[in-house]
Amino acid sequence: MDKTWVRLHPLSPEFKDALLGFLNHAIEVASFDGTIKCPCINCKNQLWQTMEVVEEHLSVDGMLDTYLKEPWVWHGETFEAWVEGNEQGLQEATTEDPPFHTDGGIETMLDDLYPGVRDTTEDPPNGNVPPPLPPDDVRRFYELLEETNKEIYPGCQKMMKMEFLVKLVEHKCKYGISEVALNSILLLIKCILPKGETLPENFGHAKTLVSKFGLKYEKIHACPNDCILYRGDYHNLQKCPTCNEERYQPDDGTRKKPIPHKVLRYFPLAPRLKRLYMSRHTAEDMRWHATERQNDGHLRHPADSRAWKHLDTKFPNFGGEMRNVRLGLATDGFNPFGNMSTSHSTWPVLLTVYNLPPWLCMKQPFIFISLLISGPESPGNDIDVFLQPLIDELKDLWDNGIDTYDAFRQETFRMRAAVIWTINDFPAYANLSGWSTKGYLACPVCNYDTESERLDNCKKIVFMGNRRFLPMDHFFRHHTVSFNLCTEFRAPPVPLTGAECLACFSTLNFTYGKPRPPKVGEKRPRAPPQADSPWKKISIFLKLPYWEHLLIRHNIDVMHVQKNVFDSVVGTLLGIPGKSKDSLNARLDMKKMKIKEKLWPAESGPLPMGAYSILNREKELFCKVLAVAILPDGLASNIARKVHVKERTIHSLKSHDCHIIMQQLLPLAVRNALPPAATILMLELSRFFRHLSSKKGTEESFHKLTTKITLILCQMERMFPPSMFDVMVHVMIHLAEEAALAGPVQLRWMFPIERYLHTLKEYVRNRNRPEGSIAQGYIIDECLSFCAMYLGDTDTSRSRPKRNCDGVYREVEGGLDCFRGGGRSLGAAEDFLLDNKDWELARSYVLTNTHVSNLEQRKFVANAQKNKGRKVNGLKLQGDPSATEDLVALANGPSKLCKRFKKYVSNGFRFKVRGTGQPGKTQNWGVFIQAEQTSYASTNDQNPKDGMVDFYGALLDVYEFTYNPDRKVVLFQCDWIDSLRKGRGLQRDEYGFTLVRFDKCIPIYRDPFIFASQALQVFYVEDPEDPPWHVAVKTQPRDLFDVSSTNEYDPCDEQDIQYATGDTDEVPMRSDV
């Protein structure tokens, strides 16, 4: 039984055909009630699955490695056939087998890691040669080369020793196998190998050999109270000179060496940046920002931003070299145990590279750990102590640079690097910048000009000076009753420059270190009095020569702001205890401030209802919309499980769930549940975050967003109680201006950082030494990711295809566009014979919608529609060169025997035929397309107009039509909503939402087909007030970066936010209650 197909790429046609043959054979000879054993890495031949499920598992997860080395007895292979096949395969391997890897192998990797040691290339251009390597590196190269060329046993041709060890380490990391288990497995393998085998005795030796391809890290001892690092002048000290604490833990006489109280793990940056240029697989990508980026005025990448260009202009020696590296620094604490009852906070400091294209920026293979700060406590403002090694290296990389070999240009250059901003949540913003994000001056952008006020009953500080950001002639500036009883004519605050920040530090005194914990029976020492200044320390980043000149130094994280705003708004609308900002204390504060008199609490009875208040029935309607919403696979978690309709509450939402609800589901929930003024306000708030999070924008569009959010906050200030306006609501007013300066937020927010922290948490094996486990796991993963670029079949986060990638792009040289495109099927294909009617519809659609470039070809296509290709075939027989293979195939039409699929990936979307998948959990059958249509005003209209019309439908079937062996077309058969007759199957409500009903569809015999490449995805949410109607919501693929796309999908029209609550000085209360 042929098994070579298992090693092929799962998206290749050869793999799919061989897999289908394997499954058909297994169904014939080894099935039970239509099911077979699934040999994937998860089912492990223990579960009986259908043919479709087995195909999907093998395509996505791969086959169990141990089963590859055994006879496939569960799928019809006999032991005798297995022995015979192995002997034949061993003989063929010595002569005709292709290399096991496809990307150069380990020797090529060694040539990239140690350039110039041996002559492997032609003379480099301009006479540039790699810099001479130190003797130790040359010696290490030849040692690794010797290990690489060793056979596992004499005569082994399938795999070399080092390649086997790399894969062994990969499987340990992938499946979480313990070292004890791997030692036993290694001994077992060694027992069955022939004499002369070269495998190591245990996994420790194997890991030592593989780790030589990786990079090292340093351990630096730290004071347990975070006062100093034992480096430089303090290297040999045994006690902290600040707090007098011992460096090492007390020794009981049984330890071989002393154990320090606290350890900082430092991962040098320069070697990791050098590898990006030394590897032939990444060197060209590091130039993308300068050579491939579109310069059309749109912001898609940080290189498009004013902040990036300002640094290049200010320091032309740095900006003149495109290969100099721009970095972003991020940090956050996390609990490595995953148990929130255990108090432990580990703080990694991460660096991400911005030279790369946007689809690689902030992806895990290109996020480097620079520092790993041990717990159990957060470093707080003392984080600068731990940042010292990194800042010293960054200063050296800026001032002196480092000689680096560029594998793409085959030359050596002087690489320099700069951190252009930091990414962190709001508390970490204070730790890195030195500006306190608590108290009356909590906003670091408004700085000393922040307007704030303390609410005595709520015991919190609020920020309500939003009118200062309005144009000077706006009528809200004259209103008093609906705001704070005063007019407002002040200008907006001006952010501090770097030079002004430095001037503020002249009188600031700060000592690093935390107070010594009290001993048993000792009182806790009183904390020293804090200065009145919001500056709590001098940020260590100001030691970088360029830091004070940056336009934006620290980013306000959109992810955390959006989460906090969502909790405040939805908690207040639903009256969720603990989250609602509308309480008795909030009303008492309004009474004390003498504002919004109609909302003051009465001596008895319920609180008066404001313009934002909703009834219990409306709250249930709000929750019901979220509960019945079925989202596409992978868009969010199962939100319905976290919504309780009867209790009218929502709980346990993650940040990404809040992101999806705020931007896509909140407009649907408030549409019929809130009063009109509050509805408009929530629609525009959702629209603001949706456009702020877009992958493409312009400075002008972000400035308009600033104007929009200013009006939204002013309207909220008129409507909601003052307790709503904490600092997280206030900083929304600065988000769009930061985007105008620094570019799209998806490359500057915490979502990828939080996902990476989850990955680091999975590295923990030894709960007694979590930071040590993380460091070891990171080093191994870093090594495997690098090896994966050279070993094509190594499975790592770098080499693994995206879940919804379209697969191999199909293209016939010189062919028509109908035979091109991407897309891939999921699951088993079913042979299906089309009837004449559907075949004619499919053939006609392809002919009509295929773009042909010249008049002669269009004549051929028109003729093919009339006489089914007879004229084109005649020209082909006559040798006419205009009758190309494509035209002949197109004219003759496809075979009636086609393949039918239940699942298909196209344009970055995962589509599933209606009725498949998990009913009630995911919805992947919604299809949307824009098509040109001729419209008539009436039956007597003599001047019809052509325009683009939106068509909504449901996916019924996916067909792959074969025109000839090299030319195939994939079509979606859909049930289309009748959108041509107004109000029948499609309508728009007062807010601009698109509503459809599935009992009013176009007859399927008219025009059901579209190309798979044309399909975009939409999902439908039932309207609880009018069940036949569903609201249509368009989606966008998560990991698809189309730099030329201009699509911005909004579920409703833009609302007039300026007059949402009227133009009078007082906001009207609800009059319908």
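In short, a report on the structure.

### Thoughts on the overall build of the chain
Secondary structure assignment for the chain yields 30 helices and 28 strands. Looking at the chain as a whole, 52% of its 1073 residues qualify as buried. Within the chain, residue pairs in contact and separated by at least 24 positions form 68% of the contacts whose partners lie at least 6 positions apart. Surface summary for the chain: the accessible area is close to 49,400 Å², and the carbon and sulfur share equals 51%.

### Focus: helix 14 (residues 383-399)
Residues spaced three or four apart along an α-helix point in a common direction, a consequence of the helix completing one turn every 3.6 residues. Helix length check: helix 14 (17 residues) gives 24 Å between terminal C-alpha atoms against 24 Å at 1.5 Å per residue, within 8%. The buried fraction of helix 14 amounts to 12 of the 17 residues, a majority that puts the element mostly inside the structure. Three or more residues of helix 14 are buried, namely Ile 383, Asp 384, Val 385, Phe 386, Leu 387, Pro 389, Leu 390, Ile 391, Glu 393, Leu 394, Leu 397 and Trp 398. Of the residues flanking the end of helix 14, it is Gly 401, one or two places downstream, whose phi is positive at about 75°.

### Regarding the sheet that holds strand 6 (residues 347-353)
Pairing in this open sheet of seven strands is mixed, and the strands run 3-4-7-6-5-10-13 from one edge to the other. Edge positions in the sheet fall to strand 3 (218-222) and strand 13 (554-556), since each has one partner strand and no second. With strand direction ignored, the average angle separating the axes of adjacent strands in the sheet is 25°. One ladder, built from five bridges, connects strand 3 with strand 4 (residues 262-266); its direction is antiparallel. Across the sheet, Glu 218 pairs through a bridge with Tyr 266, a residue of strand 4. Together, strand 5 (325-331), strand 6 and strand 7 (367-373) form the strand contacts of helix 25 (residues 751-762), whose direction differs from that of strand 6 by roughly 125°.

### Some remarks on the sheet that holds strand 20 (residues 909-912)
Pairing within the open sheet is antiparallel, and its three strands lie in the order 16-19-20. Two strands bound the open sheet, and with one partner strand each, they are strand 16 (824-826) and strand 20. Strand-to-strand twist in this sheet, taken as the mean axis angle between neighbours without regard to direction, amounts to 25°. The pairing of strand 19 (residues 903-906) with strand 20 spans four bridges and is classified as antiparallel. Bridge pairing in strand 20 places Val 905 opposite Arg 910.

### Re the layout of surface pockets
Gaps between atoms show up when a probe of the same size as a water molecule is rolled over them. Of the pockets and cavities examined, the second largest pocket occupies roughly 1,000 Å³. Within the residue set of the lining of the second largest pocket, elements represented by two or more residues are strand 3, strand 4 and helix 26 (770-788). A class-by-class count of the residues in the lining of the second largest pocket yields 12 nonpolar, nine polar and 14 charged.

### With respect to the pattern of salt bridges
Considering all chains together, one arrives at 46 salt bridges under this definition. With its nearest N and O atoms 3.3 Å apart, the salt bridge here joins Arg 671 to Asp 1023. With Arg 671 in the loop between helix 20 (655-670) and helix 21 (676-692) and Asp 1023 in the loop between strand 27 (1016-1022) and strand 28 (1030-1034), this pair connects stretches of sequence that are 352 residues apart. Each member of the salt-bridge network shares a partner with another, and the members are Glu 684, Arg 687, Arg 690, Lys 708, Asp 1050 and Glu 1054.

Each value, and the rule that gives it
- Residues numbered from 1 in each chain as written.
- Predicted model: local features only at pLDDT ≥ 70, side-chain atom pairs only at ≥ 80, totals over all residues.
- Heavy atoms only, no water.
- Helix = DSSP H or I, 4+ residues; strand = E, 2+ residues; numbered from the N terminus.
- Buried < 20%, exposed > 50% of the residue type's maximum accessible area, 1.4 Å probe, protein only.
- Contact = heavy atoms within 4.5 Å.
- Areas by Shrake-Rupley, 256 points an atom, 1.4 Å probe, with all protein chains shown as cover.
- Expected span 1.5 Å × (residues − 1).
- Pairing = 2+ DSSP bridges.
- Axes fitted to C-alpha atoms, helices over the stretch in contact; angles between N-to-C directions.
- 1 Å grid on protein atoms, 1.4 Å probe; cavity = no way out; pocket = protein on both sides within 12 Å on 5 of 7 lines; lining within 4 Å.
- Points joined across faces, edges and corners; volume = space filled by probe spheres on them.
- Nonpolar A, V, L, I, M, F, W, Y, C, P; charged D, E, K, R; others polar.
- Salt bridge = Lys/Arg side-chain N within 4 Å of Asp/Glu carboxyl O.

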